Amino acid sequence: MDLLRFITAGSVDDGKSTLIGRLLYDSKSVFQDQLEAIEKTGQVNGQINLALLTDGLKAEREQGITIDVAYKYFSTPKRKFIIADAPGHIQYTRNMVTGASNSELAIILIDSRKGVIEQTYRHSYIASLLKIPHVVICVNKMDLVDFSKERFEEIVEDYKNFASDLDFKGLEFIPISALNGDNVVDASPNMTWWKGKTLLGYLEDLEIEVDETKHEPRFPVQYVIRPQTEEHHDYRGYAGQVRSGVFKKGDDIAVLPSGLRSKIKSILTYEREVEEAFAPMSVTILLEDEIDISRGDMIVTDKHQPVVSQDIEAELCWMDAKSLVPGNKYLLRQTTGSVKSAVKEISFRIDIQTHEKLGSSQLALNEIGRIKIRTAKPIAFDSYSENRGTGSFVLVDEGTNNTVGAGMIVGAY
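Okay, so let's go over this structure. Sequence order as written defines the numbering, with residues in each chain counted from 1. Under the rules for a predicted model, residues below a pLDDT of 70 receive no local features and side-chain atom pairs below 80 are neither given nor counted, while totals for whole chains, interfaces and linings still include all residues. Excluding hydrogens and water, the side-chain values take into account all heavy atoms of the structure.

**So, the overall build of the chain**
So, point 1. Secondary structure follows DSSP: runs of H or I at least 4 residues long count as helices, runs of E at least 2 residues long count as strands, and numbering of each begins at the N terminus. When its secondary structure is counted, the chain shows 7 helices and 25 strands.
So, point 2. The cut-offs for exposure are 20% and 50% of the maximum accessible area for each residue type, with area from a 1.4 Å probe on protein chains only; residues under the lower value are buried, those over the upper are exposed, and the others partly exposed. The buried share of the chain, reckoned over its 413 residues, is 53%.
So, point 3. Contacts: residue pairs with any heavy atoms within 4.5 Å of one another. Counting only contacts in the chain whose residues sit at least 6 apart along the sequence, the fraction spanning at least 24 positions is 71%.
So, point 4. In these tables, accessible area is a Shrake-Rupley quantity obtained with a 1.4 Å probe, and a residue counts as shielded only by the protein chains included in the view. Surface accessibility of the chain: about 19,300 Å² in total, with carbon and sulfur atoms responsible for 45%.

The following block contains the structure:
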């Protein structure tokens, strides 16, 4: 079975945790002891409080909100799933970015009573920014608007007007009631006008087109293996995970950012030698020449090389209470490497609601903008639109060791 990673997002009290609880409960993915535990904890309107299946932190249960990203796993006869339940509060937008970074699908919930609101704009834009290809809009709490077809269609029209310039390969709308289970796993008897799939049916049938082997070969070096024993006196292997593409024994390669060239002598897994390695295999690569390679360097095939530069332009989600201003210095972590960097310019800030590019001298907490940054030494990268693995980075405050920004590389400037 294949695996689908997806994230749920929406505003506070839109029912994200309840929806995931309903998926787990109705798909028989809840252990009996879990069920007994939440039955003792409390009920909502005489029903089991399904949100407790995902809101695991004590503070989340006390407040009835999601704070951290909660990951849940379940499967059906057709597919395996990993769910990231993202917080709804504006101050936890950075957590939504974290959960969305590895997702192939985003489920964005809209309260049928409130319609499209600011957090809908924010989460939709982030999903587009992070190149999540598929989005399904679940119009929740339909039971509170008498399962009105007209209200559902009104929300669909409002959302389409807003999202017309967002980059989604697939966009679907499903009317649901997570609390009662309408159109979540089973078709709703209260919305006979709905002829589309249930949410689970959509998730099971969605065609995933994520194939990292189609991208150009990229192998960030994580560790240099030098046993220096009598048996392996001259052994020098480069261990890591193939980020994208396929490497074969005998390939001509280049090591970046140095530009040194060699040929692949052999490729080893934990168990044996193999003729080729592809994403996301973890392997050790041995080269025919002894050249200077260290952690953070990238091995690529000689013909298809990424950009090597110290000057990077990127979209940035700012995650720190202290605002980002030009001149600030941070540690930039990309693939397996770390390099000191300085922010040279904030080109603009993005208005999440209108997508307008606004002039700005700083980025505040949870704001998104375009920046130019210079690194202390050259690094190898692709644009994020071409390769999510090598086109992303985080900024770290060296004083606190906090991650303060998540970036998607546009290119060199």
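**Comments concerning the pairing of strand S11 (residues 237–241)**
So, point 1. Among the 5 residues in S11, 4 count as buried, and that is most of the element.
So, point 2. Two elements, strand S10 (residues 223–225) and S11, share 3 bridges in a ladder whose sense is antiparallel. Within S11, the residue paired with Ile225 across the bridge is Gly237.
So, point 3. Each pair of strands is called paired provided DSSP finds at least two bridges between the two strands. Looking at chain direction, S11 and strand S17 (residues 282–287) are connected through 4 bridges and run antiparallel. Counterpart to Tyr238 in the pairing with S17 is Ile285.

**Thoughts on the packing of aromatic side chains**
So, point 1. Stacked, tilted and edge-to-face are the three classes applied to pairs of Phe, Tyr and Trp rings, where Trp contributes its six-membered ring and a pair requires centres within 6.5 Å; stacked means planes under 30 degrees apart, edge-to-face means over 60, and tilted covers the rest. Per the stated rule, a full pass over the model turns up 9 aromatic pairs.
So, point 2. A ring pair is formed by Tyr159 and Phe173, whose centres lie 5.8 Å apart and whose planes are at 75 degrees; its orientation type is edge-to-face. Of this pair, Tyr159 sits in helix H6 (residues 149–163) while Phe173 is found in strand S8 (residues 170–175), placing the two residues 14 residues apart along the sequence.
So, point 3. Classification of Tyr159 as buried rests on a relative accessible area of 0%.

**Description of the side chain of Ser124**
So, point 1. Along the chain, Ser124 turns up in helix H5 (residues 118–129).
So, point 2. With a relative accessible area of 0%, Ser124 lands in the buried category.

**Notes on the environment of Val410**
So, point 1. Position of Val410 among the secondary structure elements: in strand S25 (residues 403–412).
So, point 2. What Val410 contacts, discounting residues up to four positions off in sequence, is Glu313, Ala314, Glu315, Arg370 and Ser383.

**Looking at the pattern of salt bridges**
So, point 1. Whenever a carboxyl oxygen of Asp or Glu lies within 4 Å of a side-chain nitrogen of Lys or Arg, that contact is scored as a salt bridge. Counted according to the given criterion, the structure contains 19 salt bridges.
So, point 2. Between Arg22 and Asp26 there is a salt bridge; the shortest N-O distance is 3.2 Å. With Arg22 and Asp26 both in helix H1 (residues 16–26) and 4 residues apart, this pair spans about one turn of that helix.
So, point 3. Since its relative accessible area comes to 10%, Arg22 is described here as buried.

**Regarding the nonpolar core**
So, point 1. We define a nonpolar core as any set of buried Ala, Val, Leu, Ile, Met, Phe, Trp, Tyr and Cys residues linked to one another through side-chain atoms lying within 4.5 Å. Counting residues in each nonpolar core, the largest one holds 43 residues, and the members touching the most others are Ile7, Leu130, Val135, Ile137, Tyr159 and Ile368.
So, point 2. The set of elements that each furnish at least two residues to this core consists of strand S1 (3–9), helix H4 (93–100), strand S6 (105–111), H5, strand S7 (134–140), H6, strand S21 (337–350) and S25.
So, point 3. Where each domain begins and ends is defined by an automated method or by a domain database. Looking at which domains feed residues into this core, each of domain 1 (2–210) and domain 3 (307–412) gives three or more.
So, point 4. In contact with Tyr159, other than residues within four places in its own chain, are Ile108, Ile110, Val116, Thr120, Ser124, Val135, Ile137, Phe168, Leu171 and Phe173.

**Side note on H5**
So, point 1. Working rule for helices: expected span equals 1.5 Å times residues minus one. For H5, which comprises 12 residues, the first-to-last C-alpha distance of 16 Å matches the rise-based estimate of 16 Å (1.5 Å per residue) to within 8%.
So, point 2. Taken across its 12 residues, H5 has 11 buried, putting it largely inside the fold.
So, point 3. Taken together, the buried positions of H5 are Gln119, Thr120, Tyr121, Arg122, His123, Ser124, Tyr125, Ile126, Ala127, Ser128 and Leu129.

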